[in-house]
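Structural description and commentary
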Amino acid sequence: MYQQNNNQNAQNQNSQNTQNGSTNNSNRPNVPEARQALDNMKYEIAGELGINLKQGYNGDLPSRQAGSIGGYMVKRMIEQQERQMSGKQN
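Calculation notes
Residues numbered from 1 in each chain as written. Predicted model: local features only at pLDDT ≥ 70, side-chain atom pairs only at ≥ 80, totals over all residues. Heavy atoms only, no water. Core = buried A, V, L, I, M, F, W, Y, C linked by side-chain atoms within 4.5 Å. Buried < 20%, exposed > 50% of the residue type's maximum accessible area, 1.4 Å probe, protein only. Helix = DSSP H or I, 4+ residues; strand = E, 2+ residues; numbered from the N terminus. Contact = heavy atoms within 4.5 Å. Salt bridge = Lys/Arg side-chain N within 4 Å of Asp/Glu carboxyl O. Expected span 1.5 Å × (residues − 1). Polar contact = N/O pair within 3.5 Å; in protein donor to acceptor, adjacent residues only side chain to side chain. Patch = residues over 30% accessible without salt bridge, like charges linked within 9 Å, V, L, I, M, F, W, Y side chains within 5 Å. Areas by Shrake-Rupley, 256 points an atom, 1.4 Å probe, with all protein chains shown as cover.

**Quick look at the nonpolar core**
- Met 41, Ile 45, Ala 46, Ile 51, Leu 53, Leu 61, Ile 69 and Met 73 together form the largest nonpolar core, which totals 8 residues.
- Every element with two or more residues in this core is listed here: helix 2 (35-48) and helix 3 (63-86).
- Once residues lying within four places of it in the same chain are set aside, the contact partners of Ile 45 are Ile 69, Tyr 72, Met 73 and Arg 76.

**What to know about the pattern of salt bridges**
- Per the counting criterion, the structure on display carries 4 salt bridges.
- Ionic pairing is found between Glu 44 and Arg 76, a salt bridge with its closest N-O pair at 3.1 Å. Of this pair, Glu 44 sits in helix 2 while Arg 76 sits in helix 3, and the two are 32 residues apart along the sequence.
- Arg 76 gets classed as partly exposed once you look at its relative accessible area, which sits at 21%.
- Of the charged contacts in the structure, one is a salt bridge between Lys 54 and Asp 60, with a shortest N-O distance of 3.2 Å.
- Each of the salt bridges in this network shares a partner with another, and the network as a whole consists of Glu 44, Glu 48 and Arg 76.

**Section: helix 3**
- For helix 3, with 24 residues, the first-to-last C-alpha span of 34 Å sits near the 34 Å given by 1.5 Å per residue.
- Once helix 3 finishes, Gly 87 follows within two positions and takes phi at roughly 90 degrees, a positive value.

**Here's the deal with the side chain of Asn 58**
- By secondary structure assignment, the location of Asn 58 is in the loop between helix 2 and helix 3.
- Look at Asn 58 and you get buried, because its relative accessible area is 18%.
- Among the polar contacts made by the side chain of Asn 58, one reaches the main-chain carbonyl oxygen of Gly 56 at a distance of 3.2 Å.

**Thoughts on a nonpolar patch on the surface**
- Taken together, the side chains of Val 74, Met 77 and Ile 78 make up a nonpolar region of the molecular surface, amounting to roughly 240 Å² of accessible area.
- Along the chain, Met 77 turns up in helix 3.
- Taking relative accessible area as the criterion, Met 77 reaches 34% and is therefore assigned partly exposed.

Here it is, written out as structure tokens:
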């Protein structure tokens, strides 16, 4: 019964997200104009980590490497935002 209630809650949540036009599994940037900058950052970080990232499909990339790229992207974006919020530019 507990499992059934959890499944029902998840279905209700998914239905609400779809109705509101928002989903959690989107691979699109919230600011479409930032796509090129995000792609550039991704390739730059992959190069710094020594990961050979090619244009287009990278499904053969191990999850550990893909996760490292994404993790460092998040880390760098947080650092940039903190600098901007503190008034320091560098």
